[in-house]
Amino acid sequence: MRKSILLIFVTLLAAAGSARSIDIIPRPAEITEARGEFRITAQTAIAAEGELRRPAEIFATDIEPVIGREIPVAAKGEIRLRTSPSLAAEEYTLAVTPRTVEILGGSPQAMFYALQTLRQLVATDGTVPAVVVRDKPCFAHRGGMLDSGRHFWTVDEVKRFIDILAMHKLNVFHWHLSEDQGWRIEIKRYPLLTEIGSVRRETVIGRYDKTDESRNRYDGKPYGGFYTQDDVRAIVAYAAERYIEVIPEIDMPGHMLGALASYPQLGCRGKGYEVWTHWGISKDVLCAGKEETFEFVENVLAEVLDLFPSKFIHVGGDECPKERWKECPACQRRIREEGLANENELQSYFMHRVEKWLHEHGRELIGWDEIMQGGISKSAVIMAWTDQFRGTDAARKGNRVIMTPKWNCYLDYSQTSDPEKYEPIGPTRYLSMRQVYRLDPYDRLKPAEYRNILGIQGNVWTEYIADFSHVQRMTLPRMAAIAEIAWAYDRKDYDDFEKRAKRLLPELYGNAKLKFSEFFFEDIE
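Rules used in this analysis
- Residues numbered from 1 in each chain as written.
- Predicted model: local features only at pLDDT ≥ 70, side-chain atom pairs only at ≥ 80, totals over all residues.
- Heavy atoms only, no water.
- Helix = DSSP H or I, 4+ residues; strand = E, 2+ residues; numbered from the N terminus.
- Polar contact = N/O pair within 3.5 Å; in protein donor to acceptor, adjacent residues only side chain to side chain.
- Contact = heavy atoms within 4.5 Å.
- Phe/Tyr/Trp six-rings, centres within 6.5 Å; stacked < 30°, edge-to-face > 60°.
- Buried < 20%, exposed > 50% of the residue type's maximum accessible area, 1.4 Å probe, protein only.
- Lys NZ or Arg CZ within 6 Å of the ring centre and 35° of its normal.
- Pairing = 2+ DSSP bridges.
- Axes fitted to C-alpha atoms, helices over the stretch in contact; angles between N-to-C directions.
- pLDDT = per-residue confidence, 0-100.
- Parallel < 35°, antiparallel > 145°, perpendicular 65-115°, else oblique.

## What about the environment of Thr-127?
So, step 1. Residue placement: Thr-127 occurs in strand E7 (residues 127-135).
So, step 2. Taking C-alpha positions, Thr-127 is 6.3 Å from Glu-37, a pair spaced 90 residues apart along the chain.
So, step 3. Engagement of the side chain of Thr-127 in a polar contact is seen with the side chain of Asp-125, the distance being 2.6 Å.

Rendered as structure tokens:
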């Protein structure tokens, strides 16, 4: 009798120990666990036709390294994909039984997200726990930004970054393409932008000391790179297949030394410019007093619009010192003729002109929160980065806002409280997974003002990130916290997220052959 009781106890204990946790990130709106499991075998196929075929094919490719085979996509199969007009565009249900996997989505995009959820549930032996998942996102803008200005990333590397966004159900890739340290996009009307502006003669080693140039060391190696227009089209198409909109950023009027080195007449001084070899904020910016400047901006943007079908175009507007404008006769004449009060209002004038041109061409303007200096139109979208309160203020005034405050969303910041001990050289500000997750995009807003918050975004600036494995380790796993806030804000719970993340993400990232930081998983903060 004792042996029988002991055998039953051991059997139950083993069964309990072998039960799989159902871990999904971002957290779904509703999960109902069931009994049993579905098994993917050599005979399993995905039933998908028309617009659903491509999401199914991408899933089959992504899951191949996990189960050791690619699942065929056919007219009939055990994994069945269907759309339903009763569901919202990004809403889906996923029902797994021992015999079938039934996925219902409001659109092919929703189907793509459902398949990302299924991807997280598939074990290496091909089993999927029986479950019903009902899900939809909280925010429309769920983004990630990659800085290609400070360091250049190959087309394949940019596509890998897009893969990272896609697996987290993010739907916007913000691509930073121009900088003081390099111009990165081919503009056919201005060939010198890439012939001259895309290359710096060398790069500072380590942190730049702006107080004493004699203390800085340089590598003595020319550094450059740019994307041809065909490269851009390929990346935009790759993102579109994963239901990601690519929003380009051409930063202006500051952060423009790549352009000024190529076409010095666009600056207030008109000479003496070079592509910067170190980091920081240059006093040299586009001259807002010259009509030639606006002709240049419009011609560049015309080619950008031909390449990017996105509704929004990001024009920067951040970190624009006003010293050159104060000294420039053309800028001072513009201030007098337009009845402007000061140089802040001159920047506002600049942004209003660019926005008007974009509106005439069917697009809308996004800018960093400094575009609010001197006044901005109600139609401009504010990307709040310096702190969340600027975004809150903009939302209260009626502007649409994307929250990306540096204290929660700058993924180039250190991941530990002792970066000198644990991490490569980089920004010393500390941004743990817990701090990312603390972001509340609605903080201090009234419910009637919530509609002005479009969403959130994680940003990867690359002054101190020179290789793509480093990009991945800074992005992952913290982008998972960004994704959960953006998708599941109304159900966020850090303790629950931490448990799910530690069980799910190492294997998920490993199966995708992605590099990731291990500090969070080793409880190093």
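After presenting the structure, the write-up continues.
## Here's the deal with the side chain of Ser-414
So, step 1. Tracing the backbone through its elements, the reader meets Ser-414 in the loop between helix H13 (406-409) and helix H14 (419-422).
So, step 2. A distance of 3.2 Å separates a polar atom in the side chain of Ser-414 from the backbone oxygen of Thr-416.
So, step 3. In this structure Ser-414 touches Pro-419, Glu-423, Pro-427, Thr-428, Arg-429, Tyr-430, Leu-431 and Arg-478, once residues within four positions along its chain are discounted.

## A word on the packing of aromatic side chains
So, step 1. In total, this model carries 31 aromatic pairs according to the counting rule given.
So, step 2. When the ring of Phe-294 is compared with that of Tyr-349, the centres are 6.0 Å apart and the planes differ by 85°; the resulting orientation is edge-to-face. Of this pair, Phe-294 sits in helix H8 (residues 291-307) while Tyr-349 is found in helix H11 (residues 343-360), placing the two residues 55 residues apart along the sequence. Here the two residues Phe-294 and Tyr-349 agree in accessibility, since each one is buried.
So, step 3. Here a set of aromatic residues connected by ring pairs shows up, and it is made of Phe-152, Phe-161, Phe-173, Trp-175, Tyr-227 and Phe-308.
So, step 4. Lying across the ring of Phe-294, Arg-353 places its NZ or CZ 3.9 Å from the centre.
So, step 5. Over the ring of Phe-520 we find Lys-502; its NZ or CZ atom is 5.2 Å from the centre of that ring.

## Focus on the sheet that holds strand E9 (residues 172-176)
Pairing between the strands of a sheet is mediated by backbone hydrogen bonds and can be parallel or antiparallel.
So, step 1. Taken in spatial order, the 8 strands close into a barrel running E8-E9-E16-E17-E18-E19-E20-E21, and their pairing is parallel. Geometrically, the sheet is characterised by an average inter-axis angle of 30° between neighbouring strands, direction not taken into account.
So, step 2. Two elements, strand E18 (residues 364-368) and strand E19 (residues 381-384), share 3 bridges in a ladder whose sense is parallel. Following the sheet pairing, Gly-367 is matched in E19 by Ile-382.

## Description of the confidence of the model for the chain
So, step 1. Scored by pLDDT, the chain comes out at a mean of 95, with 96% of its residues at no less than 70.
So, step 2. Highest mean pLDDT in the chain belongs to E9 (99); lowest belongs to helix H1 (residues 2-18) (35).
So, step 3. Scored below 50 in pLDDT, residues 1-18 makes 0 contacts in the model with residues more than four places away or belonging to other chains.

## Quick word on the packing of helix H10 (residues 329-337) against H11
So, step 1. Look at H10 against H11: their axes get within 10 Å of each other, and the N-to-C directions meet at 80°. With respect to each other, H10 and H11 are oriented roughly perpendicular. Each of Cys-331, Gln-332, Arg-334 and Ile-335 in H10 lies in contact with H11, whose residues at this interface are Glu-343, Leu-346, Tyr-349 and Arg-353.

## Quick look at helix H16 (residues 468-475)
So, step 1. Counting buried positions over the 8 residues of H16 gives 6, a clear majority of the element.
So, step 2. Restricting attention to buried positions, one finds in H16 the residues Phe-468, His-470, Val-471, Gln-472, Met-474 and Thr-475.
So, step 3. Buried residues in H16 make contact with strand E8 (141-147), helix H4 (155-167), strand E21 (453-460) and helix H17 (478-488).

## Some thoughts on the pairing of strand E17 (residues 312-316)
So, step 1. Of all the 5 residues making up E17, 5 are buried; the element is thus mostly covered by neighbouring parts of the structure.
So, step 2. Alternating positions in E17 separate into two faces, Phe-312, His-314 and Gly-316 on one and Ile-313 and Val-315 on the other, with burial throughout.
So, step 3. Of the pairings in the sheet, the one linking strand E16 (residues 245-252) to E17 comprises 2 bridges and is parallel in character. Across the sheet, residue Met-252 finds its bridge partner in E17, namely Gly-316.
So, step 4. With 3 bridges joining them, E17 and E18 adopt parallel strand pairing. For His-314, the partnering residue across the bridge sits in E18 and is Ile-366.

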